[in-house]
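The lines below spell out each chain.
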Amino acid sequence: MSQIISQRIKQQRLAKHLTQAQVAEALFVTQQTVARWENGQHLPPITALQDLAKLLEVEPAYFFGETIVVKKQFNWMALLSNLIFNGGIFIVLSFALIPIFISIWGLTLASLVAPLAVGCKLSLIKVLLGGVY
């Protein structure tokens, strides 16, 4: 495994036309450290592999022998099914909750208006009866 990693590091560094010193400077390590990684004497830590992957423009799995290129693609069918499902739930809940909210607001308004209507009705009765009730 260490041979694969060291070969891949060197191969990709040469493909990008970088020297060991340039790689070392970008990763904040010494040139000797990069040389040891390429010779298989030491393995780079995983954080260094991640930084190497960014620097050399490859996936971190490349250093472990992975050569499969994964094409990242937007999944339009997932978006469409999500919109349909969530839209359906929204419509169902709307038809269930809107009448409930309307009735709650109606009851609230009625409870606020009723005392006024009763008060007006009592005043009208007093006027019609001439103060006798």
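Throughout, residues of each chain are indexed from 1 in the direction in which the sequence is written. Owing to the predicted nature of the model, reporting of local features is limited to residues with pLDDT of at least 70; listing and counting of side-chain atom pairs is limited to 80 or more, with chain, interface and lining totals taken over all residues. Derived side-chain values reflect all non-hydrogen atoms in the structure, with water molecules and hydrogen atoms excluded from consideration.

Enquirer: Is there a simple way to explain the overall build of the protein chain in this structure?
Expert: Numbering of helices and strands runs from the N terminus; a helix is a DSSP stretch of H or I covering at least four residues, while a strand is a stretch of E covering at least two. Of the regular secondary structure elements, the protein chain holds 5 helices and 0 strands. Each helix and strand of the protein chain, placed in order from N terminus to C terminus, yields the pattern α-α-α-α-α. Burial status across the protein chain gives 18% buried among its 133 residues. Residues are treated as being in contact if the distance between any of their heavy atoms lies within 4.5 Å. Summarising the internal contacts of the protein chain: among those between residues at least 6 apart in sequence, 60% fall at separations of at least 24. When the accessible surface of the protein chain is summed, it comes to about 10500 Å², and 69% of that surface belongs to carbon and sulfur atoms. For each residue, the accessible area found with a 1.4 Å probe, counting protein chains only, is set against the maximum for its type, and the residue is called buried under 20%, exposed over 50%, and partly exposed in between. Exposure was quantified through the Shrake-Rupley algorithm and a 1.4 Å probe, taking into account, for residues, occlusion by the shown protein chains and nothing else.

Enquirer: Explain the pattern of salt bridges here, please?
Expert: Side chains bearing opposite charge may pair, as long as their charged atoms lie close to each other. Salt bridge, as used here, is a side-chain nitrogen of Lys or Arg placed within 4 Å of a carboxyl oxygen of Asp or Glu. Within the structure shown, the criterion is met by 2 salt bridges. As a salt-bridge pair, Glu 38 and Arg 13 come within 2.4 Å of each other at their nearest N and O atoms. Here Glu 38, found in helix H3 (residues 31-39), pairs with Arg 13, found in helix H1 (residues 2-15); they are 25 residues apart in sequence, far enough to count as distant. Both residues of the pair, Glu 38 and Arg 13, count as buried. When the shortest N-O distance is used, the salt bridge between Lys 16 and Glu 57 registers 2.8 Å. Note that Lys 16 is positioned in the loop between H1 and helix H2 (20-27) and Glu 57 in the loop between helix H4 (46-56) and helix H5 (76-129), a separation of 41 residues in sequence.

Enquirer: When you look at the environment of Ala 61 in this model, what are you seeing that I'm missing?
Expert: Inspection of the secondary structure puts Ala 61 in the loop between H4 and H5. Take Ala 61: its relative accessible area is 33%, and that puts it in the partly exposed class.

Enquirer: Any chance you could explain H4 here in plain terms?
Expert: It helps to recall that an α-helix has 3.6 residues per turn; residues three or four apart then point in one direction. Ala 48, Leu 49, Leu 52, Ala 53 and Leu 56 are the residues of H4 that are buried. Along the long axis of H4, the arc covered by the buried residues comes to 145°, so they all point the same way. Lining the buried residues of H4 we find H1, H2 and H3. Count one or two residues on from H4 and you reach Glu 57, which has phi positive near 60°. By definition, the arc is the one covered by directions from the helix axis to the C-beta atoms.

Enquirer: How should unusual backbone geometry be read in this particular structure?
Expert: Positive phi outside glycine occurs at His 17, with the angle close to 55°. Examined against the element boundaries, His 17 turns out to sit in the loop between H1 and H2. One non-glycine residue, Glu 57, adopts positive backbone phi at about 60°.

Enquirer: I would appreciate a short explanation of H3 in the present structure.
Expert: Inspection of H3 places Val 34, Ala 35, Trp 37 and Glu 38 among the buried residues, and these make up the whole buried set. Buried residues along H3 cover an arc of 160° about the axis, so they all sit on one side. Positioned one or two residues after H3, Gly 40 has a phi angle of 80°, which is positive.

Enquirer: Can you help me understand the packing of H2 against H4 in this one?
Expert: What describes two packed helices is the angle between their axes and the distance between those same axes. The convention used is that axes are lines fitted to C-alpha atoms, helices contributing only their stretch in contact, and that angles between N-to-C directions extend from 0 to 180 degrees. With their axes 10 Å apart at the nearest point, H2 and H4 run at an angle of 120° to one another. On the basis of their axis angle, the class for H2 and H4 is oblique. The crossing of H2 and H4 is right-handed. Between H2 and H4, the residues in contact are Val 23, Ala 26 and Leu 27 and Asp 51, Leu 52 and Leu 55, respectively. We call two directions roughly parallel when the angle between them is under 35 degrees, roughly antiparallel when it is over 145, roughly perpendicular when it lies between 65 and 115, and oblique otherwise. Each crossing gets its hand from how the near helix is turned against the far one by less than a right angle, where anticlockwise is left-handed and clockwise is right-handed.

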